[in-house]
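Descriptive structure summary
One-letter residues, chain by chain:
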Amino acid sequence: MPRQQLLFRKDQMKVSKRAQAVPPSATMAVDTKAKELKAKGVDVVGFGVGEPDFDTPNYIKDAAIAAIKAGKTKYTPTPGIPELRKAIAEKLQKENNLNYKPEQIIVNLGAKHSVYESMQAVLDEGDEVIVPAPYWVTYPETIKLAGAVMKVVQTELKNDYKITPEQLKNAITPKTAMFLLNSPNNPGGFTYSPDELKALAKVLEGTNIMVLSDEIYERLVYGTTKFISFAAVSDDAFNRTITINGFSKAYAMTGWRLGYVAGPIDVIKAMDRLQGHMTQNPVSFVQSGALVAFSDPNNEVEKMRIEFEKRAKYMSERLNQMQGVKCPQPTGAFYCFPDISAHFGRTIGGVKINNSMDFASAFLDQASVALVPGGPFGCDNNIRLSFATSMEQITKGLDRLENWLKG
Ligand SMILES: Cc1ncc(COP(=O)(O)O)c(C=O)c1O
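The following paragraphs examine the structure supplied in this document. Computed from a predicted structure; not experimentally measured.

So, on to the site of the ligand. Around the ligand there are 13 residues in total, and Ala111, Asn186, Asp214, Lys249 and Arg257 lie nearest to it. Ala111 places a polar main-chain atom, nitrogen or oxygen, 2.7 Å from an oxygen atom of the ligand. At 2.8 Å, a side-chain N or O of Lys249 approaches an oxygen atom of the ligand. Relative to its unbound accessible area of 400 Å², the ligand is 92% covered by the protein chains. A class-by-class count of the residues in the shell around the ligand yields 5 nonpolar, 4 polar and 4 charged.

This next bit is on the packing of aromatic side chains. Taken as a whole and judged by the stated rule, the model has 19 aromatic pairs. Ring centres of Phe337 and Phe377 lie 6.2 Å apart, and the angle between their planes is 90°; on these two criteria the pair is classed as edge-to-face. In this pair, Phe337 is assigned in the loop between β9 (335-336) and β10 (347-348) and Phe377 in the loop between β13 (372-373) and β14 (383-386), connecting sequence segments 40 residues apart. Overall, the relative accessible area of 1% leaves Phe337 in the buried class. Since its relative accessible area comes to 1%, Phe377 is described here as buried. Ring geometry for Phe363 and Trp404: centres 5.0 Å apart, planes at 45°, overall tilted. In this pair, Phe363 sits in helix α14 (residues 356-367) while Trp404 sits in helix α15 (residues 391-406), placing the two residues 41 residues apart along the sequence. Of the two residues, Phe363 and Trp404, both sit in the buried class. Ring pairing ties together the aromatic residues Phe54, Tyr217, Tyr222, Phe308, Phe334, Tyr335 and Phe387, which thus form one cluster.

Let us look at the packing of helix α6 (residues 111-122) against helix α11 (residues 265-278). For any two helices packed against each other, one specifies the crossing angle of their axes together with the interaxial distance. Packing of α6 against α11 brings their axes to within 9 Å, and their N-to-C directions diverge by 115°. Accordingly, the angle class assigned to the pair α6 and α11 is roughly perpendicular. Seen from above, α6 lies across α11 with right-handed handedness. Within the contact between the two elements, α6 uses His113, Ser114, Tyr116, Glu117, Ser118, Gln120, Ala121 and Val122 and α11 uses Val267, Ala270, Met271, Leu274, Gln275 and Met278. Broken down by class, the residue content of the contact of α6 with α11 amounts to 8 nonpolar, 5 polar and 1 charged.

Let us look at the environment of Glu117. For Glu117, the location among the structural elements is in helix α6. As for Glu117 and Val372, which are separated by 255 residues in sequence, their C-alpha atoms are 27 Å apart. Residues within four places of Glu117 in sequence aside, it is in contact with Ile106, Asn108, Met271, Leu274, Gln275 and Met278.

Conventions we followed
Residues numbered from 1 in each chain as written. Predicted model: local features only at pLDDT ≥ 70, side-chain atom pairs only at ≥ 80, totals over all residues. Heavy atoms only, no water. Near = heavy atom within 4 Å. Polar contact = N/O pair within 3.5 Å; in protein donor to acceptor, adjacent residues only side chain to side chain. Areas by Shrake-Rupley, 256 points an atom, 1.4 Å probe, with all protein chains shown as cover. Nonpolar A, V, L, I, M, F, W, Y, C, P; charged D, E, K, R; others polar. Phe/Tyr/Trp six-rings, centres within 6.5 Å; stacked < 30°, edge-to-face > 60°. Helix = DSSP H or I, 4+ residues; strand = E, 2+ residues; numbered from the N terminus. Buried < 20%, exposed > 50% of the residue type's maximum accessible area, 1.4 Å probe, protein only. Axes fitted to C-alpha atoms, helices over the stretch in contact; angles between N-to-C directions. Parallel < 35°, antiparallel > 145°, perpendicular 65-115°, else oblique. Left-handed = near helix turned anticlockwise from the far one by under 90°. Contact = heavy atoms within 4.5 Å.

See the structure below:
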């Protein structure tokens, strides 16, 4: 056979239907453009990133470095080292009033992985998952990859973008397998109150619907807001809930990749089996760093929280003073999620603004500020601004927005 015919032809490259169905992140367009502008030396203000602008506290770094030096560089048990599972169980008991045994806990490679693996463990083809919008952009893809179907419930500004018990009730069908709850919320910046959670839990009583409660922002709540775990509202809620949390946001450990799941023993065992073939175990010395994280000897989590709280108040107050911008004051996480739809139909700097992507893209082009359009979060009337950046940058970016909107 001629050599030409033996060569693998690039146009015959096979990519699975599963992978083809996962689109590139819709938020990336703005991010890529912001990076290009920065590379050209433009003074870009970044409100795009969803990670703390603080460094990981030293006591955590030191513990991980010591673990490497002590030779903790081998495979660990698949669900995590026993000491860490025990420490997580104690944390959940003490801080969240949740009575999980260490066997009911699995440690994963970031809460994103926790979400993915939980869904792989419990969802079947055709199962429905109720997801209130706004939602974190990863949920639709993880639901799809589990073969399930996302049922979006559109929330309203007048309810601070929270799903009501009535809306939840109306969304339930015989195929509903899961209700996805994220409080404090990305991108909405809201937190459900204990009473609101109790009312949602009541709707689920008597059904076999599981709840996936993503509590990654639990430490970042502001003002008089009190965080409570969904599983803590009743015995019934505890039995049906998969609780997700991690180290990224509270301890400024985004790059370390460590999250965890607490839930019914059968779910955790199923995740253990999947994890054993996917990643084997969370990184050995990262687990040693996490093991000391909870001790927080210098109250660093609280110092970061206080700083975020100041920024939340400042940013939302300034946004609300701007023409055609409506923004509930964030009670959690590190995002403002204002409704800017009053500007749709306008032409700013020669560009017609018809949706959140037009808004974000024109604002970046004309005023060099990167923020994220709300469309990919299921709310096209909104934009997301992260306040995980310095007060100086926040002031500069908001000044530019105020001026640009007058244009
Ligand atoms: C709602 C929500 N859940 C989970 C995660 C993932 O966190 P991790 O960095 O631990 O994977 C994020 C990160 O942006 C998030 O916003």
